Amino acid sequence: QLQASGGGLVQPGGSLRLSCVASGIIFRNNVMGWYRLAPGKQRELVATITTGGSPNYADSVKGRFTISRDNAKSTVYLQMNSLKPEDTAVYYCKRGVTLATMVRSEVWGQGTQVTVSS
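Heads up: these notes are all about the structure in this document. (Residues numbered from 1 in each chain as written. Predicted model: local features only at pLDDT ≥ 70, side-chain atom pairs only at ≥ 80, totals over all residues. Heavy atoms only, no water.)

Notes on the overall build of the protein chain
In terms of helices and strands, the protein chain carries 1 helix and 10 strands. Mapped in sequence order, the helices and strands of the protein chain form the string β-β-β-β-β-β-β-β-β-α-β. At 13 Å, the protein chain has a C-alpha radius of gyration in line with the 13 Å of a compact globule built from 118 residues. By its C-alpha atoms, the protein chain is 40 × 25 × 25 Å across when sized along the principal axes. With 118 residues in all, the protein chain has 42% of them scored as buried. Of the contacts formed within the protein chain by residues at least 6 apart in sequence, a portion of 55% connects residues at least 24 apart. Carbon and sulfur atoms make up 49% of the accessible area of the protein chain, which totals about 6100 Å². Within the protein chain, one finds 13 positive and 6 negative side-chain charges whose respective centroids are separated by 6 Å. (Helix = DSSP H or I, 4+ residues; strand = E, 2+ residues; numbered from the N terminus. Rg over C-alpha atoms; globule rule 2.2 N^0.38 Å. Buried < 20%, exposed > 50% of the residue type's maximum accessible area, 1.4 Å probe, protein only. Contact = heavy atoms within 4.5 Å. Areas by Shrake-Rupley, 256 points an atom, 1.4 Å probe, with all protein chains shown as cover. Lys, Arg positive; Asp, Glu negative; His and termini not counted. Charge placed at Lys NZ, Arg CZ, Asp CG, Glu CD.)

Below you can see the structure in the form of C-alpha cells.
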C-alpha cells in the first residue's frame, strides 16, 4: 500500500514537500517513483529513485524538484521548489522491484493534490 501526503495550495515560486509511505513491502528493494496527473493531460512520470538512491527527473522539473528516500521509514519524498502553475496536479507514488516493473504496474496509491495559484 502506498499513501501520499503533503499536498496543498501554494503560490507560484513556493515550495512543498510530498511524502509517500509504503507498507506491506520490503521498501529498500523497490525502485520508487512520483507521477502526476493534471486535468486534460496525460499522466507524467516526474521523478524516480533507485534502490541505491540514484535519482532521475523529467525535464519539466529538473533543477526544481528533488526525490529522496528513507528506507528506515519506508518513505519516499519529493521536495518541490520554485513551483509553477503548470505543476498543478494530483501527485502519486509508485513502486517496483525494477524501473520497468514500476512503470508497468497498475497499482496506484492514493494521490495528493498540489495546486499552484496566486
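With respect to the packing of aromatic side chains
Evaluated as defined, the whole model comprises 2 aromatic pairs. On the numbers, 4.9 Å between centres and 80° between planes, the contact of Tyr35 with Trp108 is edge-to-face. With Tyr35 in strand 4 (residues 31-37) and Trp108 in the loop between helix 1 (99-104) and strand 10 (112-116), this pair connects stretches of sequence that are 73 residues apart. By relative accessible area, which is 26% here, Trp108 ends up partly exposed. Their ring planes at 75° and their centres at 5.9 Å tell us that Tyr92 and Trp108 sit as a pair that is edge-to-face. On the criterion of sequence distance, the pair formed by Tyr92 in strand 9 (residues 89-96) and Trp108 in the loop between helix 1 and strand 10 is long-range, its members being 16 residues apart. Ring-pair connections join several aromatic residues into one group, and the members of that group are Tyr35, Tyr92 and Trp108. (Phe/Tyr/Trp six-rings, centres within 6.5 Å; stacked < 30°, edge-to-face > 60°.)

What about the state of the cysteines?
Under the criterion given, the structure shown has 1 disulfide. Between Cys20 and Cys93 runs a disulfide, and the two sulfur atoms are separated by 1.8 Å. Within this pair, whereas Cys20 is found in strand 3 (residues 16-22), its partner Cys93 is found in strand 9, the two being separated by 73 residues in sequence. The pair formed by Cys20 and Cys93 is uniform in burial state, with each residue classed as buried. (Disulfide = S-S within 2.5 Å.)

Remarks on the environment of Gln3
Summarising the element assignment, Gln3 is placed in strand 1 (residues 2-5). Judged by its relative accessible area of 34%, Gln3 is partly exposed. For the pair formed by Gln3 and Gly33, sequence separation is 30 residues and the distance between their alpha carbons is 13 Å. Those residues in contact with Gln3 that lie beyond four places of it in its chain are Ser19, Cys20, Val21 and Gln110. A distance of 3.4 Å separates polar atoms of two side chains, one belonging to Gln3 and the other to Gln110. (Polar contact = N/O pair within 3.5 Å; in protein donor to acceptor, adjacent residues only side chain to side chain.)

Considering the sheet that holds strand 4
Reading across from one edge, 2-10-9-4-5-6 is the order of the 6 strands in this open sheet, with mixed pairing throughout. In the strand order of this sheet, the two ends are held by strand 2 (8-10) and strand 6 (55-57), each with one partner. In this sheet, neighbouring strand axes are inclined to one another by 25° on average, regardless of whether the strands run parallel or antiparallel. Bridge count between strand 4 and strand 9: 7 bridges; the pairing is antiparallel. Following the sheet pairing, Trp34 is matched in strand 9 by Cys93. (Pairing = 2+ DSSP bridges. Axes fitted to C-alpha atoms, helices over the stretch in contact; angles between N-to-C directions.)

Overview of the environment of Lys41
In this structure, Lys41 sits in the loop between strand 4 and strand 5 (44-49). Once the C-alpha coordinates of Lys41 and Ser74 are considered, the two residues, 33 residues apart in sequence, prove to be 30 Å apart.

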